[in-house]
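# What the coordinates show
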Amino acid sequence: MKITVVGAGGNVGSAAALTVAQRDFANEVVLVDIERKDGEKTFYPSKGRALDQWQTASIHGFDTRVKGTVDYADTANSDICIITAGVPRKPGMSRDDLLSINANIVKTVTQNLVKYSPDTVIIVVSNPLDVMTYVAWKASGLPAEKVMGMAGILDTARYRSFLAEELNVSPKDIQALILGGHGDTMVPLPRYTTVSGIPVTQLISKEKLDAIIERTKVGGGELVGLMGTSAWFAPGAAAAQMAEAIALDQNRIFPCAAYLTGQFGVNELYSGVPVKLGKGGIKEIIEIELDADEQALMDNSCAAVRGVLEDLQRIQNS
Ligand code: APR
């Protein structure tokens with residue numbers, strides 16, 4: 001089992017790679033990034049991060065060989081590729097500029113990956129997530145079940161951590177589902193949230209639950225406010241959990257960004273929905289029942305994703 005992480009000289013990619021290595025389900029994890037020039041000097045962040053991680057093997061007790069490279073030939077025959085490559089928004093950069101730059105990065109990275117691993121499964125983490133996943137799918141030429149985005153596991157992990165704190169219970173015992181696009185239009189579903197089977201609504205007041213849902217929706221922003229940069233431990237761990245489910249054919253049910261062809265009333269768009277993850281990628285999209293309010297929130301969230309996708313298509317055609 002070989003896993004590649006592109007963008008792994010950065011924070012989210014290196015967190016994903018280290019979690020993969022620590023879980024010890026792969027023989028090899030390959031960290032890819034570009035060279036960084038600083039005056040006369042050239043740095044190789046993917047090689048540096050890989051070496052540092054490999055040097056934790058005897059401490060953490062894993063066998064997964066961690067390698068760093070700038071050459072896609074070293075990624076050949078990867079079973080699973082995780083893409084976290086991208087640039088953050090810089091002063092003076094418009095939202096459209098950022099969208100277009102990241103779309104080009106994700107497209108090029110995907111083409112390089114499938115050139116050497118034509119049968120790989122791709123997990124996209126780069127933002128804006130749902131649209132970048134669409135870009136990767138188009139660029140890959142792979143069937144849609146092999147290209148997916150990581151957002152729902154991160155969003156539910158945040159929601160579960162807040163609930164666990166409020167209820168003073170183990171986060172492991174909280175089951176939850178969040179649908180829709182990755183962003184503040186995401187759709188948490190209290191009706192599908194339980195604590196070891198007990199509906200959460202029996203354990204917490206509506207006001208407190210609503211406050212936790214609102215905090216979850218802006219969970220990424222809260223971290224940017226604290227650190228001045230976006231988060232990496234939870235996003236990286238969430239991507240690694242998807243890779244593990246696929247690598248070990250676990251048939252785990254997770255909310256992931258999947259290509260929808262009519263499910264939940266959404267057509268030809270990537271958005272967060274419950275899926276069964278195992279060998280080969282998404283084995284099934286699970287269409288749960290939504291009431292009218294939940295469906296309206298899902299429609300609103302998917303309209304927001306479609307708006308960003310249309311913005312990208314407009315920029316690319318101009
Ligand atoms: N090929 C490979 N790697 C690239 C390329 C490219 N063409 N362009 C940029 N990168 C790399 C950068 O060199 C950097 O190391 O992507 C990495 C991104 O890392 P960070 O800037 O640390 O960003 P990070 O916080 O890891 O976020 C990465 O994940 O959660 C999302 O919104 C987040 O889209 C962002 C992505």
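Here's what I pulled together on the structure shown here. (Residues numbered from 1 in each chain as written. Predicted model: local features only at pLDDT ≥ 70, side-chain atom pairs only at ≥ 80, totals over all residues. Heavy atoms only, no water.)

### Points about the packing of helix α1 (residues 11-23) against helix α9 (residues 233-247)
Here is the rule we go by: To get an axis, a line is fitted to the C-alpha atoms, and for a helix only the part in contact is used. The angle between two axes follows their N-to-C directions and goes from 0 to 180 degrees. Strands are runs of DSSP state E lasting at least 2 residues, helices are runs of H or I lasting at least 4, and numbering of each runs from the N terminus. Just so you know how the angles are binned, under 35 degrees is roughly parallel, over 145 roughly antiparallel, 65 to 115 roughly perpendicular, and the rest oblique. Crossings are classed by handedness, with left-handed meaning an anticlockwise turn of the near helix from the far one by less than a right angle and right-handed meaning a clockwise turn. When checking whether two residues touch, look at their non-hydrogen atoms; a contact exists if any pair is within 4.5 Å. Residues are grouped as follows: Ala, Val, Leu, Ile, Met, Phe, Trp, Tyr, Cys and Pro are nonpolar; Asp, Glu, Lys and Arg are charged; every other residue, Gly included, is polar.
Direction vectors running N to C along α1 and α9 enclose 45°, while the axes themselves pass 7 Å from each other. As far as their axial angle goes, α9 and α1 are oblique. Pair α1 / α9 crosses with right-handed handedness. On α9, the residues touching Val12, Ala15, Ala16, Thr19, Val20 and Arg23 of α1 are Phe233, Pro235, Gly236, Ala237, Ala239, Ala240 and Glu244. Partitioned by chemical class, the residues of the contact of α1 with α9 number nine nonpolar, two polar and two charged.

### Quick look at the nonpolar core
The line we're drawing: Think of a nonpolar core as a cluster: buried Ala, Val, Leu, Ile, Met, Phe, Trp, Tyr and Cys residues, connected wherever their side-chain atoms sit within 4.5 Å. Burial status follows relative accessibility: with a 1.4 Å probe on protein chains alone, a residue under 20% of its type maximum counts as buried, one over 50% as exposed, and anything between as partly exposed. For each domain, the first and last residues come from an automatic or database assignment.
Of all hydrophobic cores here, the largest spans 84 residues; its most connected members are Ile3, Val29, Ile82, Ile123 and Leu277. The residue makeup of this core includes at least three contributed by each of domain 1 (2-149) and domain 2 (152-312). Judged by nonpolar contacts, the second largest core, of 15 residues, contains Tyr159, Phe162, Leu163 and Val195.

### Notes on the sheet that holds strand β13 (residues 198-199)
Convention followed: At least two bridges found by DSSP between two strands is the condition for calling them paired.
Read across the sheet, three strands follow the order β9-β12-β13 without closing on themselves; strand pairing throughout is antiparallel. Taken across any chain shown, the strands that pair with only one partner, and hence form the sheet edges, are β9 (174-175) and β13.

### Looking at the packing of aromatic side chains
Heads up, the condition is: Ring geometry is summarised as follows: Phe, Tyr and Trp rings, the Trp one being its six-membered ring, pair when their centres sit within 6.5 Å, and such pairs are stacked at plane angles under 30 degrees, edge-to-face over 60 and tilted between the two.
Overall, the coordinates contain six aromatic pairs when judged by the stated rule. Ring centres of Tyr134 and Tyr259 lie 6.4 Å apart, and the angle between their planes is 50°; this geometry places the pair in the tilted category. On the criterion of sequence distance, the pair formed by Tyr134 in helix α5 (residues 129-140) and Tyr259 in strand β14 (residues 252-261) is long-range, its members being 125 residues apart. For the pair Tyr134 and Tyr259, one class covers both residues: buried. Judged by centre distance (6.1 Å) and plane angle (65°), the rings of Trp137 and Tyr270 are edge-to-face. Here Trp137, found in helix α5, pairs with Tyr270, found in strand β15 (residues 267-278); they are 133 residues apart in sequence, far enough to count as distant.

### Examining the state of the cysteines
Heads up, the rule is: In plain terms, two cysteine sulfur atoms within 2.5 Å form what is called a disulfide here.
Within the structure shown, the criterion is met by zero disulfides. Left without a disulfide partner, Cys256 is nearest to the cysteine sulfur of Cys302, which lies 15 Å away. For Cys256, a relative accessible area of 0% puts it in the buried group. In this structure Cys302 comes out as buried when scored by relative accessible area, which is 5%.

### Digging into the site of the ligand
We apply this condition: Residues are labelled near a given molecule or strand when at least one of their non-hydrogen atoms is within 4 Å of it. Polar contacts, as used here, are pairs of N or O atoms within 3.5 Å; protein pairs need one atom able to donate a hydrogen and one able to accept it. Residues neighboring in sequence count only if both atoms are side-chain atoms. We get accessible surface area from the Shrake-Rupley algorithm with a probe of 1.4 Å; when it comes to residues, only the shown protein chains can shield them.
Neighbouring the ligand are 18 residues; Asn11, Val12, Asp33, Arg36 and Asn127 lie closest to it. The contact in question runs from an oxygen atom of the ligand to an N or O atom on the backbone of Val12, over 2.7 Å. Take Gly86: an N or O atom from its main chain is 3.3 Å from an oxygen atom of the ligand. Notes on the ligand: free accessible area 720 Å², of which the protein chains cover 81%. Among the secondary structure elements, those contributing two or more residues to the shell around the ligand are α1 and α4 (95-116). Of the residues contributing to the shell around the ligand, the split by class is seven nonpolar, nine polar and two charged.

### What about the pattern of salt bridges?
The condition is simple: Throughout this description, the term salt bridge denotes a Lys or Arg side-chain nitrogen within 4 Å of a carboxyl oxygen of Asp or Glu.
Within this structure, the stated rule accounts for 14 salt bridges. Arg191 is paired through a salt bridge with Glu294; the nearest N and O atoms lie 2.8 Å apart. Residue Arg191 is found in the loop between β11 (187-188) and β12 (194-195), and its partner Glu294 is found in helix α10 (residues 292-317); the two are separated by 103 residues along the sequence. For Arg191, a relative accessible area of 44% gives the class partly exposed. On the basis of relative accessible area, Glu294 is assigned to the buried category, the value being 8%. Between Glu222 and Arg215 there is a salt bridge, with the nearest N and O atoms lying 3.0 Å from each other.

### Considering the layout of surface pockets
Stated formally: Of the grid points, spaced at 1 Å and generated over the protein atoms alone, those admitting a 1.4 Å probe that cannot get out make up cavities, while open sets with protein on both sides within 12 Å along at least five of seven lines make up pockets; any residue with an atom within 4 Å of a point is treated as lining. Grid points are joined across faces, edges and corners, and a volume is the space filled by probe spheres set on the points.
Taken as a whole, the second largest pocket holds about 400 Å³ of empty space. Around the second largest pocket, the lining is made up of 18 residues, and of these Thr156, Arg160, Gln241, Arg252 and Phe254 lie nearest the centre. At the level of secondary structure, the elements contributing two or more residues to the lining of the second largest pocket comprise α6 (152-167), β9, α9 and β14. Looking at the lining of the second largest pocket residue by residue, the classes come out as 11 nonpolar, three polar and four charged.

### Focus: the side chain of Thr120
Its location among the elements puts Thr120 in the loop between α4 and β7 (121-124). Note on Thr120: relative accessible area 0%, which makes it buried. Polar side-chain contacts of Thr120 include one of 3.2 Å to the backbone oxygen of Ser78. Within the structure, the side chain of Thr120 is placed 3.2 Å from the backbone oxygen of Asp79, a separation counted as a polar contact. When sequence neighbours within four positions are dropped, the list of residues in contact with Thr120 reads Ser78, Asp79, Ile80, Cys81, Val114, Leu142 and Lys146.

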